[in-house]
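Breakdown of the fold
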Amino acid sequence: MSESRVIYGFHAVTSHLRSAPDGVREVFFDAARKDARSADLLELAKTRNVRVMTVDARRLDGMTGNARHQGVAATVTPVKLATHIDDVLEVLTEPALLLILDGVTDPHNLGACLRVADAMGVHAVIAPKDRAAGINATVSKVASGAAETVPYIPVTNLARTMRDLKERDIWITGLDAQGATDIFTARLDGARALVLGAEGEGMRRLTREHCDELVRIPMLGRVESLNVSVSAGICLAETRRQRTTARI
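This section reports on the structure supplied with the text. Bear in mind that the values here come from a model prediction, so they are computed numbers and not experimental data. (Residues numbered from 1 in each chain as written. Predicted model: local features only at pLDDT ≥ 70, side-chain atom pairs only at ≥ 80, totals over all residues. Heavy atoms only, no water.)

Examining the overall build of the protein chain
The following threshold applies: Secondary structure elements are defined from DSSP: runs of H or I of at least 4 residues count as helices, runs of E of at least 2 residues count as strands, and each element is numbered from the N terminus. Within these notes, the globule rule equals 2.2 Å times the number of residues to the 0.38 power, and the radius of gyration is based on C-alpha atoms. Each residue's exposure class comes from its accessible area (1.4 Å probe, protein chains only) as a fraction of the maximum for that residue type: buried when under 20%, exposed when over 50%, partly exposed otherwise. Note on contacts: a residue pair is in contact if any heavy atoms of the two residues lie within 4.5 Å. The accessible surface values rely on the Shrake-Rupley method and a 1.4 Å probe; as for residues, cover is taken only from the protein chains in view. Counted as positive: Lys and Arg. Counted as negative: Asp and Glu, with His and the chain ends omitted from the count. Every charge is mapped onto a representative atom, which is NZ of Lys, CZ of Arg, CG of Asp or CD of Glu.
Per the secondary structure count, the protein chain includes nine helices and 11 strands. The C-alpha radius of gyration computed for the protein chain amounts to 20 Å, which stays within 12% of the reference 18 Å derived for 248 residues, consistent with globular compactness. Put simply, the protein chain has 248 residues, and 47% of those count as buried. Sequence separation of at least 24 residues holds for 81% of the intrachain contacts in the protein chain that already meet a minimum separation of 6. Carbon together with sulfur atoms contributes 49% to the accessible area of the protein chain, which is approximately 12700 Å² in total. Of note, the protein chain has its 32 positive side-chain charges centred 3 Å away from the centre of its 31 negative side-chain charges.

Structural data, given as structure tokens:
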């Protein structure tokens, strides 16, 4: 039998039932829940021919490591996405749009970045194998289905991967508070990889040195920094806007 993993939370389970129902083995539901949201999810599972098991909250706590599961979990077969950047780039029919995350260790931040990446049409998210969160149940819950749609590619040597991308004529733009150009005046069309570091620490020195350019988000209020997923959303939205404008 192929490996399976547990996902939990209404968004994650519902998204998986809609996008990849064949990969959902069982849905586990808190028998105490009787609300409309629960009824909708149960009906969706029924229409997808997925078995539903009603259990008590303690079993769900055990399955999810006492996470905030909202009374629902599922065992799923991981969706087969690309595991190497070459597999992504070789089938593209438009200029590449990649998101590189350097040092993002919080699974909530990774999940939120994947969700933004899915919304903005990112072709893959790249991160180092070390000093990175990796895909787990928490990431899947926060990503609300994006962990099953956006390839997440961990690499052994991030600097070498960035050099390889340059050889493929992919321009690498790093987000840095000291960037010479702000994100709204920088040119972001064409094949591109956006690089973001963890909140507070930012990119590592070697990662920064391998960027073709550094840009910044202008901070017009009193706060000095943004969460990495918020920063990713701003940068990717501006990149997508420029791509759309360039086609008009």
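Points about the sheet that holds strand 7 (residues 152-155)
Test applied: A pair of strands is labelled paired if DSSP reports no fewer than 2 bridges between them. Orientation is described by lines fitted to C-alpha atoms, with helices fitted over the stretch in contact, and by angles between N-to-C directions that extend from 0 to 180 degrees.
One open sheet holds the seven strands; their spatial order is 7-6-5-10-8-11-9, and the pairing between them is parallel. Edge positions in the sheet fall to strand 7 and strand 9 (181-182), since each has one partner strand and no second. Here four bridges tie strand 6 (residues 124-128) to strand 7, and the two strands are oriented parallel to one another. Bridging across to strand 7, I126 finds its partner in I153. On the sheet, helix 5 (residues 107-119) packs against strand 5 (97-102), strand 6 and strand 7 and is oriented at approximately 170 degrees with respect to strand 5.

Brief notes about the nonpolar core
Rule in force here: Nonpolar core, defined: a set of buried Ala, Val, Leu, Ile, Met, Phe, Trp, Tyr and Cys residues in which side-chain atoms within 4.5 Å join the residues together.
With 29 residues, the main nonpolar core has L99, L101, L114, V122, V125 and L196 as its most contacted residues. Where this core is concerned, the elements lending two or more residues are strand 5, helix 5, strand 6, helix 6 (137-143), strand 10 (192-197) and helix 9 (228-247). In this structure L99 touches C113, V122, A124, V125, I126, L194, L196 and L236, once residues within four positions along its chain are discounted. Counting residues in hydrophobic clusters, the runner-up holds 19 residues, among them L165, I170, I172 and M203.

Examining the pairing of strand 4 (residues 72-76)
Moving residue by residue along a regular strand, the side chains alternate between the two faces of the sheet. For strand 4, a buried count of five out of five residues is recorded, marking the element as mostly surrounded by other parts of the structure. Taking every second residue as pointing to the same face, both faces of strand 4 are buried, with V72, A74 and V76 on one and A73 and T75 on the other. Where strand 1 (residues 5-8) lies against strand 4, four bridges are found, and the strand directions are antiparallel. If you follow V6 over to strand 4, its bridge partner there is T75. Pairing analysis gives five bridges linking strand 2 (residues 24-30) to strand 4, with the strands arranged antiparallel. By the bridge assignment for strand 4, F28 is matched with A73.

Observations regarding empty space enclosed by the protein
Heads up, the rule is: With a 1 Å grid laid over protein atoms only, a set of points is called a cavity when a 1.4 Å probe fits there but cannot get out and a pocket when it is open yet has protein on both sides within 12 Å along at least five of seven lines; lining residues have an atom within 4 Å of a point. Grid points are joined across faces, edges and corners, and a volume is the space filled by probe spheres set on the points. For this classification, the nonpolar set comprises Ala, Val, Leu, Ile, Met, Phe, Trp, Tyr, Cys and Pro, the charged set comprises Asp, Glu, Lys and Arg, and every other residue, Gly included, is treated as polar.
One pass over the full model with this rule turns up one cavity of 30 Å³ or more. What lines the largest cavity is L101, V104, L110, A127, A132, A133, G134 and Y152. Residue composition of the lining of the largest cavity, grouped by class: seven nonpolar, one polar and no charged.

What to know about the environment of A198
As for its placement among the helices and strands, A198 is situated in the loop between strand 10 and helix 8 (205-209). For A198, a relative accessible area of 15% corresponds to the buried category. On a C-alpha basis, the gap between A198 and V55 in space is 39 Å, while along the polypeptide they are 143 residues apart.

Here's the deal with the packing of helix 1 (residues 10-19) against helix 2 (residues 36-47)
Where we set the bar: Any angle that is under 35 degrees is reported as roughly parallel, and any over 145 degrees as roughly antiparallel; angles of 65 to 115 degrees are reported as roughly perpendicular and all others as oblique. Crossing handedness follows the turn of the near helix against the far one: under a right angle anticlockwise gives a left-handed crossing, and clockwise gives a right-handed one.
Put simply, helix 1 and helix 2 touch, their axes get as near as 10 Å, and they point 25 degrees apart. If you check the angle between helix 1 and helix 2, you find them roughly parallel. Seen along the crossing, helix 1 lies across helix 2 with a hand that is left-handed. Across the interface between the two elements, F10, H11, V13, T14, L17 and R18 of helix 1 pack against R37, S38, L41, L44 and A45 of helix 2. Partitioned by chemical class, the residues of the contact of helix 1 with helix 2 number six nonpolar, three polar and two charged.

Comments concerning the pairing of strand 10
The buried count for strand 10 comes to six of six residues, which makes it a mostly enclosed element. What you see with strand 10 is no split at all: R192, L194 and L196 on one side and A193, V195 and G197 on the other are buried throughout. Bridge count between strand 5 and strand 10: six bridges; the pairing is parallel. If you follow L99 over to strand 10, its bridge partner there is L194. With four bridges connecting them, strand 8 (residues 171-175) and strand 10 associate as parallel partners. The residue of strand 10 that forms the bridge with I172 is A193.

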